[in-house]
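The residues making up each chain are set out below.
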Amino acid sequence: MNLDTIEGSKSISRNAEALLSVKVNNISSKALGLQCRQQRLLKLNFKADTNNDQTRSADLTFYSRDGVPFSGNQGLTKSIDDLPPYGQGGLSGSIAFKDPAQPLYSKVTLFAELELGRLDCPTDHQLTEVVHRRVFEVQLAEGYQYDPDADFLLVTNADTSLPEWNQWKTLANRLGLTFATWNSSLNNGISLFHELQSRETEEHPAVETDTAPLPATGVHADTGVTLVDHFKDKTIVFLNNDDTCVKTLPPCDFFRSASSGVRSYIVGPKPVREDLFYPEKDLAENLNGRARKTLVRSYIHTTNGSKDRLIKAAEKQAKKLRREWPDKRFTVVYNYENLPLPRKTLPIVGKYGPKRYQMGTLISVLSPTKNMFTNLSRRPCESDRSDYTLDPGNVFGLLKSLSLQKKIQLVQNNSTADREALKKAILSDLVDEHKAFRQVKWAGSIGKSELKKRLTCLQQVVDASYPETRSKELIQEILIEFRAFAARMLRDKWYHPRHRQLAKVTHKIIDSFKQKGDIDPTHWLENYQAKKQSFAGIHRRDLWRRYQDSDVFPVHQNGLNDPNPVIDFNELQNPYDTVSRVAENSHFFRDQGERLRALEALENGNSYDNNP
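Residues numbered from 1 in each chain as written. Predicted model: local features only at pLDDT ≥ 70, side-chain atom pairs only at ≥ 80, totals over all residues. Heavy atoms only, no water.

Engineer: Could you give me a rundown of the overall build of the chain, with the residues and numbers involved?
Structural biologist: A count of helices and strands for the chain gives 16 helices and 25 strands. By the burial criterion, 51% of the 612 residues in the chain qualify as buried. Long-range contacts, defined here as pairs at least 24 residues apart, represent 80% of the contacts in the chain between residues at least 6 apart. (Helix = DSSP H or I, 4+ residues; strand = E, 2+ residues; numbered from the N terminus. Buried < 20%, exposed > 50% of the residue type's maximum accessible area, 1.4 Å probe, protein only. Contact = heavy atoms within 4.5 Å.)

Engineer: Could you give an account of unusual backbone geometry, with specific residues and numbers?
Structural biologist: The phi torsion of most residues other than glycine is negative, and most of the peptide bonds are trans. The residue Tyr-86 is not glycine, and still its phi comes out positive at about 55 degrees. Within the secondary structure layout, Tyr-86 lies in the loop between strand E8 (76-79) and strand E9 (88-97). Not every positive phi belongs to a glycine, and Asn-188 is a case in point at roughly 60 degrees. With respect to the element layout, Asn-188 can be found in the loop between strand E13 (179-183) and strand E14 (197-199).

Engineer: Please give an account of the pattern of salt bridges that cites residues and values.
Structural biologist: Within the structure shown, the criterion is met by 19 salt bridges. Note that Asp-275 and Arg-273 form a salt bridge whose closest N and O atoms lie 2.9 Å from each other. By relative accessible area, which is 15% here, Asp-275 ends up buried. In the salt-bridge network here, residues are joined through shared partners; they are Lys-400, Lys-407, Asp-429 and Asp-432. (Salt bridge = Lys/Arg side-chain N within 4 Å of Asp/Glu carboxyl O.)

Engineer: I'd like a rundown of the sheet that holds strand E23 (residues 373-376), residues and numbers included.
Structural biologist: Taken in spatial order, the six strands of this open sheet run E13-E12-E16-E17-E23-E24, and their pairing is mixed. The open sheet has two edge strands with one neighbour each: E13 and strand E24 (552-553). Pairing of strand E16 (residues 235-239) with strand E17 (residues 263-267) involves five bridges; the strand directions are parallel. By the bridge assignment, Ile-236 is partnered in E17 with Ser-264. (Pairing = 2+ DSSP bridges.)

Engineer: Which residues make up the nonpolar core, and what values go with them?
Structural biologist: With 66 residues, the main nonpolar core has Trp-168, Val-237, Leu-398, Leu-399, Val-461 and Phe-485 as its most contacted residues. If one sorts the elements of this core by residue count, helix H12 (residues 469-489) sits on top with ten residues. Apart from residues lying up to four places away in sequence, Val-237 is in contact with Phe-152, Leu-153, Leu-154, Val-155, Trp-168, Tyr-265, Val-267 and Leu-398. Among the nonpolar cores identified, the runner-up in size contains 31 residues, and Val-24, Ala-58, Leu-91 and Val-108 belong to it. (Core = buried A, V, L, I, M, F, W, Y, C linked by side-chain atoms within 4.5 Å.)

Engineer: If you had to explain the packing of helix H2 (residues 162-175) against helix H7 (residues 392-401) to someone new, which residues and values would you point to?
Structural biologist: Packing of H2 against H7 brings their axes to within 12 Å, and their N-to-C directions diverge by 60 degrees. Viewed along their axes, H2 and H7 adopt a mutual orientation that is oblique. Read as a crossing pair, H2 and H7 show a hand that is right-handed. Where H2 abuts H7, its residues Trp-168, Leu-171, Arg-174 and Leu-175 lie against Asn-394, Val-395, Leu-398 and Leu-399. (Axes fitted to C-alpha atoms, helices over the stretch in contact; angles between N-to-C directions. Parallel < 35°, antiparallel > 145°, perpendicular 65-115°, else oblique. Left-handed = near helix turned anticlockwise from the far one by under 90°.)

Engineer: Could you give me a rundown of a positive patch on the surface, with the residues and numbers involved?
Structural biologist: A grouping of Lys-448, Lys-452, Arg-500, Lys-504 and Lys-508 is seen on the molecular surface, where their side chains present a positively charged patch. Looking at the positive patch, the elements that each hand over two or more residues are helix H10 (448-454) and helix H13 (497-513). Here Lys-504 is to be found in helix H13. (Patch = residues over 30% accessible without salt bridge, like charges linked within 9 Å, V, L, I, M, F, W, Y side chains within 5 Å. Areas by Shrake-Rupley, 256 points an atom, 1.4 Å probe, with all protein chains shown as cover. Lys, Arg positive; Asp, Glu negative; His and termini not counted. Charge placed at Lys NZ, Arg CZ, Asp CG, Glu CD.)

Engineer: Which residues make up the sheet that holds E8, and what are the values?
Structural biologist: The mixed open sheet is built from five strands, whose spatial order is E3-E11-E10-E5-E8. The open sheet has two edge strands, strand E3 (11-13) and E8, and neither has a second partner. Across the sheet, the mean angle from the axis of one strand to that of its neighbour is 25 degrees, orientation sign disregarded. When E3 meets strand E11 (residues 128-141), the two strands line up parallel, connected through three bridges. Along E11, the bridge assignment pairs Ser-11 with Gln-139.

Engineer: Requested: an account of the packing of aromatic side chains, with residues and values cited.
Structural biologist: If you walk through the whole model with that rule in mind, you get twelve aromatic pairs. Both rings, one in Tyr-105 and one in Trp-165, keep their centres 4.5 Å apart while their planes meet at 25 degrees; by these two values the pair is stacked. One end of the pair, Tyr-105, is in the loop between E9 and strand E10 (107-117); the other, Trp-165, is in helix H2, with 60 residues separating them in the sequence. Here Phe-254 and Phe-373 contribute two aromatic rings whose centre-to-centre distance is 6.0 Å and whose plane-to-plane angle is 50 degrees, an arrangement assigned as tilted. In this pair, Phe-254 is assigned in helix H4 (residues 253-259) and Phe-373 in strand E23, connecting sequence segments 119 residues apart. Overall, the relative accessible area of 0% leaves Phe-254 in the buried class. An aromatic cluster of at least three residues, connected via ring pairs, comprises Tyr-105, Phe-152, Trp-165 and Phe-179. Of note, Lys-424 hangs over the ring of Phe-396, and the distance from its end group to the ring centre comes to 4.8 Å. (Phe/Tyr/Trp six-rings, centres within 6.5 Å; stacked < 30°, edge-to-face > 60°. Lys NZ or Arg CZ within 6 Å of the ring centre and 35° of its normal.)

Engineer: Kindly report on helix H6 (residues 306-324), identifying the contributing residues and their values.
Structural biologist: Owing to its 3.6 residues per turn, the α-helix brings residues three or four apart onto one side. In a regular helix each residue adds 1.5 Å, so 19 residues correspond to 27 Å; H6 covers 27 Å between its end C-alpha atoms and thus fits that length. Every buried residue belonging to H6 is among Ser-306, Leu-310, Ala-314, Gln-317, Ala-318, Leu-321 and Arg-322, and all of these are buried. In a view along the axis of H6, the buried residues occupy a sector of 165 degrees, so they form one face of it. Exposed residues on H6 whose side chains face more than 90 degrees from its buried face are Lys-312, Lys-316 and Lys-319. (Expected span 1.5 Å × (residues − 1). Arc of directions from axis to C-beta.)

Engineer: Which residues make up the pairing of E17, and what are the values?
Structural biologist: The element E17 is largely enclosed, with a buried count of five among its five residues. What you see with E17 is no split at all: Arg-263, Tyr-265 and Val-267 on one side and Ser-264 and Ile-266 on the other are buried throughout. Relative to E23, E17 runs parallel, the two sharing four bridges. Counted as the bridge partner of Val-267 is Leu-376 from E23.

Engineer: Go over H2, please, and point to the residues and values.
Structural biologist: For H2, which comprises 14 residues, the first-to-last C-alpha distance of 20 Å matches the rise-based estimate of 20 Å (1.5 Å per residue) to within 8%. One side-chain oxygen at the N-terminal end of H2 lies 3.3 Å from the backbone nitrogen of Glu-164; it belongs to Ser-161. Once H2 finishes, Gly-176 follows within two positions and takes phi at roughly 75 degrees, a positive value. (Polar contact = N/O pair within 3.5 Å; in protein donor to acceptor, adjacent residues only side chain to side chain.)

Engineer: I'd love a proper account of the packing of H12 against helix H14 (residues 521-536), names of residues and values included.
Structural biologist: Any two packed helices are characterised by how steeply their axes cross, that is the angle between the axes, and by the distance between the axes. Closest axis-to-axis distance for the H12/H14 pair is 9 Å, and the angle between their directions is 45 degrees. In terms of orientation, H12 and H14 fall into the oblique class. Both H12 and H14 take part in a crossing whose hand is right-handed. Of H14, the residues touching H12 (which contributes Gln-476, Leu-479, Ile-480, Glu-481, Arg-483, Ala-484, Phe-485, Ala-487 and Arg-488) are Trp-524, Asn-527, Tyr-528, Lys-531, Lys-532, Phe-535 and Ala-536.

Dropping the structure here:
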């Protein structure tokens, strides 16, 4: 006899039900049960672990398959009277958290036990022994609620602990931020373009997930909006420690969301699927204004290597775009067309020499920059799952992932306690912009006025107003340090003329800030000279790294470190080719019939989505 793994809901919201199901397998050639020839008691139990502090303090209620409630101390019990040889039986039911004061993200531990009557008294209910036990945890989570004032969305899962959750709240308060929560285990995954839904019944009123009220259908309501609509120009933080988080995202979700202005911060070094960062296949086919198509022809001298020549042409195109637009990012998609040649003998010579035949096409797709994606590479151990949240690396990573406009607002409001981390995050954005223009040889000439317009990050910092004294002092420190950085980046003996032009425009923009407000030029010059002197002994390569964090960088998988990646068209996918399993509020049931259908689906090994 043995028990299968417990199937059920790992996360539920308050007053919802977590469905549970376990099966027992008779692997012997003899039947078991009180009604068999060899009478022997056989029982299945669901019990709460009373030795666990969180479980003991939780007010749990068990429900049988028919919906009959039992207290947490009683649990669920089922006697199996006749289990045939090599047969299978099972126990199913549900639990719910009833205490309204139960902390969110607390977990309860449950046992599924298989009991058999002792050999010396096989039919005595008081004398049994547990022959097999399975353990299962259920987390109390919160359903998604739209908050228009939220600065970021925290994507949690069943592996998120109560201390970890409390540390994220502490971090947000310390930085002057607010956040909403999406639990991927509760909602069966996450899809950034999934239309948000809500359920409305007499016992469970609909939760408004948009500023407009939901249609009162009494059964089901579609808001018609997505998470991308709610968090445009904001950040979504993924706790990448669970298979229901990043792994459940449909293909192209990161690419599409970043193109819509949504930034992503991925916490944890688990590999991220490559297709999330690729453009959708339809975009490369239809050319909807964000892509351009180039027909590639070549002289045919041999039947071999045509695809290699097309790849080289794609790499050349990517390099050319990098030179023309150093501050932008393109994905070059090549589509090799293995067309039959008009004749077998080579080389193919026409009337005026060798002919050129089409090899394929190149499609240059305007793509989100790598700064739209941030990754905390260090994996938190079991012992520091909560401590890593307040680690300086994670603090910098969260601030780095915020838009520059939001960082400037934090400076203006003077609401962030960690001023040094905020200063480093803003300087990191300015350094990234400076690096993009400095590390490539531009194609053609860029005038000073045009270059000034394209230094958008620096312009945002300078053009904003800072009414508070402390905020003005912080922004002065940032601009003085960045001006000294730009001066140090120039080589002492020789440098490219355009690098000198970049430095001059940068200095001119920063110096224009001194014309605003009551800034003491003498104090400014003293601080600048001191900072410039401190940078003199630092190697330029080390100075670049000074404004980054060893554990925080753009996602290193999927070619994001390549400024303009080259991708085969056949590797692209369409996001709607994968059926989304996201199901909000799937743990609320209108009636017992719907609940039984959900239990039957769970018993048969299928996930149940009760959103019609």
